[in-house]
Amino acid sequence: MTSTRRLPNYLRAHRKRMGLTQKDVAFVLGYISGTKISRHERYLREPCLRTALAYAALFQVPARELFAGIHEQVAAEVEKRARLLAAQMTERRKGPASRSCSPDDL
Amino acid sequence: MKVSWEGRVLAVDPMSRAFGFVVLETPESLVDWGVRQTRTDKQQATLAKVSEIVNLYRPDVVVVEDCLHESSRRRERIRILVEAIVRLGAEIAVDVRRIPRSVMVLAFADAGAPTKHGIARALAERFPEVARHLPPIRKPWMAEDDRFAIFDALALAVAFVDRGAHSD
């Protein structure tokens, strides 16, 4: 039995829970047709920030929950780079004596 | 010892011209549900649409009725279709589990829900998001409502998840 990573988003689940069609959601979000909604639901396109926030407002669910899989992925990437940055900052604090100088130090 | 299932479950219930499906992420969390029509070239259409759903949700397991079990009342065409789904699972490397109908019914016996409609009602209470799909009680002259396929699929998924009930 595996632990399952979250899906990129749960837009379809929330839309269906509210009993809305893709066309209904498109109307509320200001789109002409449900095509973009379909693409978002099928993970073919990520919505822009405004649209992501609009979804959150419509479904009354925080964006990080609505886009749980994307949030997990982004958080993991950020954590990895943050650790790298922390290691680099530790090196910088040790001072130039403990390492060779590079143009970036200036 | 019963071990609770952890993972995403796709349950599929074929009917004569459609199939019902549900995707459960946790025992209480429905991710998707619905009925897909397969009016022409039914077997190929069903397999293509099931494959689409598997690609979208990447379930850890696909659950179907065990049509080889003595308690199964399915017609031959549906039995063949279910076996085709099992083979599809093997081809695309997804675990497929079968639930005998008798086990599924037993899973709901505690809720006092021995009939198909009774099981559907019990599921609608547990998962309010599907309540709007609950068909009326079937009369003898009525054909089975396609929407029952959602509840049959959900019953399979719940029986699998709740009781760890599965056979290979």
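The preceding data block contains the structure.
Below is a summary of the structure that appears in this document. No experiment lies behind these values; they were computed from the predicted model shown. (Residues numbered from 1 in each chain as written. Chains lettered and ligands numbered in written order. Predicted model: local features only at pLDDT ≥ 70, side-chain atom pairs only at ≥ 80, totals over all residues. Heavy atoms only, no water.)

### Section: the pairing of strand β4 (residues 61-65) of chain B
Residues and elements named next belong to chain B. β4 sits mainly inside the fold: five of its five residues count as buried. Burial of β4 is two-sided: the residues Val-61, Val-63 and Glu-65 facing one way and the residues Val-62 and Val-64 facing the other way are all buried. Alignment of strand β1 (residues 9-14) against β4, held across three bridges, turns out to be parallel. Considered in β4, the bridge of Ala-11 is made with Val-63. Both β4 and strand β5 (residues 95-99) contribute to a ladder of five bridges, which runs parallel. From the neighbouring strand, Val-61 faces β5, where its bridge partner is Asp-95. With helix α2 (residues 76-91) bridging β4 and its parallel neighbour β5, the resulting β-α-β unit is right-handed. (Buried < 20%, exposed > 50% of the residue type's maximum accessible area, 1.4 Å probe, protein only. Helix = DSSP H or I, 4+ residues; strand = E, 2+ residues; numbered from the N terminus. Pairing = 2+ DSSP bridges. Right-handed = clockwise from strand over helix to strand, strands pointing away.)

### Re helix α6 (residues 68-94) of chain A
All names here are of chain A. With 27 residues, α6 should reach 39 Å at 1.5 Å per residue; the first-to-last C-alpha distance of 39 Å fits that figure. Considering only its buried residues, α6 is in contact with α5 (63-66). Where α6 terminates, the next one or two residues include Gly-95, which has phi positive at roughly 95 degrees. (Expected span 1.5 Å × (residues − 1). Contact = heavy atoms within 4.5 Å.)

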